[in-house]
Every structure is written in C-alpha cells, then in structure tokens.
Amino acid sequence: MTLKLNSTENRCVSTSTVGYMCLALTIWMISMTNAGWYVSVYPHFAAMIMPMAVVLGVMGILSHLRARSLDAVVFFGGAILFWSAHAAAVAAAGPSTMEPMSYAGWFFAIWAAFFGYVWVGSFHTTLPRQLFVLGLALSLLAMALTDWTGMPFWRYIGGYIGLISALLAGFVSASGFIAFGGEAHSPNDEHLGQAHPAG
C-alpha cells in the first residue's frame with residue numbers, strides 16, 4: 001500500500017514538473033518580445049508553441065486524473081491559450097480581414113478574467129503557484145489594455161510581469177521535483193519515501 005501511494009505521489013510530481021516547465025519556457029519566450037527585448041518572435045518560438053500546447057493538454061489530463069484540480073485547470077488553460085495564439089498567428093499570415101485591435105483586446109481580457117478567478121480559487125495551494133497565476137492574469141490584462149488604448153507602455157509592463165511569472169513557473173517546476181528527489185534519495189528510486197535500513 002505504501003509503495004502504491006508513493007508511486008502515485010511520484011507521478012504527480014513528474015506531471016507538475018513537466019507542466020510548469022512548459023509554461024515557464026513558453027511564457028518566457030513570449031514575454032521577452034512583449035518586454036521589448038526583441039522586436040518579434042522567431043522560429044524557435046514558432047516551432048515550440050504547438051508541441052508545448054499538446055504537452056500541457058496531456059499534463060492537464062494526468063493532473064485531473066490525479067485530483068490535482070488547480071494544476072489541471074492551469075495546464076488546460078495554458079494549452080488552449082497557446083494553441084489559439086498559434087492559430088491566430090497562422091490566420092494573420094494568410095489572406096484575411098484585418099481585425100480591430102479592440103477585438104484582440106477582448107481575447108486577452110477574457111483570458112485575464114479566467115486566470116483571475118483561478119487565482120482567487122488558488123489560495124489553498126503554495127504561494128509560488130498563487131503568484132504565478134496572479135502574474136499570468138495581470139500580464140494578460142496588460143496585453144488587453146495595450147490593444148484597447150494603443151499605448152505600448154502596457155505591453156512592456158505585461159512583458160515584465162510575464163517574465164516574472166515565467167520565473168515563478170520555473171521555480172514551481174524545479175522545487176517540487178528537487179525536494180521530492182532529495183527526500184527519496186533518488187528520483188528514480190522504486191521505493192520512494194520508504195525507510196532505508198540503518199547501517
């Protein structure tokens with residue numbers, strides 16, 4: 001019974017580690033451009049956004065099956081957000097009607113509202129997770145304000161909030177796995193968490 005419980009806990013840590021790593025990397029790459037570090041996104045980002053969305057979707061399913069509701073909702077939200085952003089970029093590159101900036105602003109505003117109420121529901125979890133979700137909501141709100149006001153100032157603010165949020169996601173990804181591996185003496189130990197005989 002102990003082995004089964006510890007094996008489940010190990011899989012939960014792995015799911016969280018991979019999911020938050022995907023969020024950290026993708027948000028960091030987007031936010032560097034939004035913060036003005038680069039003038040555009042480049043092929044490395046374009047190549048990774050769809051695989052990241054797929055992996056986040058899978059991590060969301062696994063988190064749901066293991067009753068980790070917050071992680072599941074965050075991963076599902078991230079998967080849909082990244083997938084739709086990729087689809088929008090593909091559509092914008094083809095022959096299509098130019099959409100008003102205010103229309104795109106509503107896209108970001110609704111996502112900001114979504115992650116805003118996820119943040120309100122996250123108070124039972126760890127502080128880094130709470131701050132990550134809050135940062136993501138504020139970053140998306142700043143992007144909405146950019147499109148509604150036409151002021152790039154908000155985009156830069158959102159970019160830097162996004163960079164901080166990416167660091168928080170990276171911290172969540174690393175800390176759980178490192179702590180769990182340290183307690184178990186090895187992340188690949190089949191007897192994770194069991195007492196080792198003395199001597």
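This text gives an overview of the structure that appears in the document. (Residues numbered from 1 in each chain as written. Predicted model: local features only at pLDDT ≥ 70, side-chain atom pairs only at ≥ 80, totals over all residues. Heavy atoms only, no water.)

1. A look at the nonpolar core
Right, on to step 1. Counting 31 residues, the largest nonpolar core has Leu23, Val74, Phe82, Phe115 and Phe132 as the members making the most contacts within it.
Right, on to step 2. Taken together, the elements giving at least two residues each to this core come down to helix H1 (2–34), helix H2 (43–65), helix H3 (69–93), helix H4 (101–120), helix H5 (127–149) and helix H6 (152–184).
Right, on to step 3. Counting residues per element, this core draws most heavily on H2, which supplies 7 residues.
Right, on to step 4. Once you skip the residues sitting within four places of it in the chain, Val74 turns out to touch Leu23, Phe115, Val118, Phe132 and Val133. (Core = buried A, V, L, I, M, F, W, Y, C linked by side-chain atoms within 4.5 Å. Buried < 20%, exposed > 50% of the residue type's maximum accessible area, 1.4 Å probe, protein only. Helix = DSSP H or I, 4+ residues; strand = E, 2+ residues; numbered from the N terminus. Contact = heavy atoms within 4.5 Å.)

2. Focus: H2
Right, on to step 1. With 23 residues, H2 ought to run about 33 Å at 1.5 Å a step, and its terminal C-alpha atoms sit 34 Å apart, in line with that.
Right, on to step 2. Roughly 30° is the biggest bend found in H2, and it falls at Ile49, with proline Pro51 one to four residues downstream.
Right, on to step 3. Of the residues trailing H2, Ala67 is marked for its positive phi of about 60°. (Expected span 1.5 Å × (residues − 1). Bend = angle between axes of the 7 residues up to and from the residue.)

3. Some points on the side chain of Ser31
Right, on to step 1. On the secondary structure map, Ser31 appears in helix H1.
Right, on to step 2. A polar side-chain atom of Ser31 sits 2.8 Å from the main-chain carbonyl oxygen of Ile27.
Right, on to step 3. Once you skip the residues sitting within four places of it in the chain, Ser31 turns out to touch Gly159, Gly162 and Leu163. (Polar contact = N/O pair within 3.5 Å; in protein donor to acceptor, adjacent residues only side chain to side chain.)

4. Observations concerning the packing of H4 against H5
Right, on to step 1. Direction vectors running N to C along H4 and H5 enclose 160°, while the axes themselves pass 7 Å from each other. Considered as vectors, H4 and H5 are oriented roughly antiparallel to each other. Seen from above, H4 lies across H5 with left-handed handedness.
Right, on to step 2. Here the residues of the contact of H4 with H5 sort into 19 nonpolar, 5 polar and 1 charged. (Axes fitted to C-alpha atoms, helices over the stretch in contact; angles between N-to-C directions. Parallel < 35°, antiparallel > 145°, perpendicular 65-115°, else oblique. Left-handed = near helix turned anticlockwise from the far one by under 90°. Nonpolar A, V, L, I, M, F, W, Y, C, P; charged D, E, K, R; others polar.)

5. Looking at unusual backbone geometry
Right, on to step 1. Phi at Ala67 takes a positive value of approximately 60°, unusual for a residue other than glycine.
Right, on to step 2. Looking at where Ala67 falls in the secondary structure, it is placed in the loop between H2 and H3.
Right, on to step 3. By relative accessible area, which is 65% here, Ala67 ends up exposed.

6. Quick word on the environment of Val58
Right, on to step 1. Locating Val58 in the fold gives a position in helix H2.
Right, on to step 2. For the pair formed by Val58 and Ala79, sequence separation is 21 residues and the distance between their alpha carbons is 9.1 Å.

7. Quick notes on H5
For an α-helix, the turn length of 3.6 residues means that residues three or four places apart are oriented alike.
Right, on to step 1. Under the 1.5 Å per step criterion, the end-to-end length of H5 is 32 Å for 23 residues, consistent within 8% with the ideal 33 Å.
Right, on to step 2. Just beyond H5, the residue with positive phi is Gly150, at close to 75°.

8. Considerations on the pattern of salt bridges
Right, on to step 1. Considering all chains together, one arrives at 2 salt bridges under this definition.
Right, on to step 2. The closest approach of N and O atoms between Asp71 and Arg68, which form a salt bridge, is 3.6 Å.
Right, on to step 3. Take Asp71: its relative accessible area is 4%, and that puts it in the buried class.
Right, on to step 4. With a shortest N-O distance of 3.1 Å, Asp71 and Arg129 are connected by a salt bridge. You can see Asp71 sitting in helix H3 and its partner Arg129 sitting in helix H5, a full 58 residues away along the chain.
Right, on to step 5. Residue Arg129 is classed as buried on the basis of its relative accessible area, which comes to 10%. (Salt bridge = Lys/Arg side-chain N within 4 Å of Asp/Glu carboxyl O.)

9. Description of the packing of aromatic side chains
Right, on to step 1. Summed over all chains, the structure comprises 13 aromatic pairs.
Right, on to step 2. Here the aromatic rings of Tyr20 and Phe75 are separated by 5.1 Å at their centres, their planes lie at 70°, and the arrangement is edge-to-face. Taken together, the residues span a long stretch of sequence, with Tyr20 in helix H1 and Phe75 in helix H3 at a distance of 55 residues.
Right, on to step 3. Judged by relative accessible area, Tyr20 falls into the buried class, the value being 0%.
Right, on to step 4. Between Trp119 and Phe123, the aromatic rings sit 5.2 Å apart at their centres with planes inclined by 85°, giving edge-to-face as the arrangement.
Right, on to step 5. Its relative accessible area of 26% is what places Trp119 among the partly exposed residues.
Right, on to step 6. In this structure Phe123 comes out as partly exposed when scored by relative accessible area, which is 48%. (Phe/Tyr/Trp six-rings, centres within 6.5 Å; stacked < 30°, edge-to-face > 60°.)

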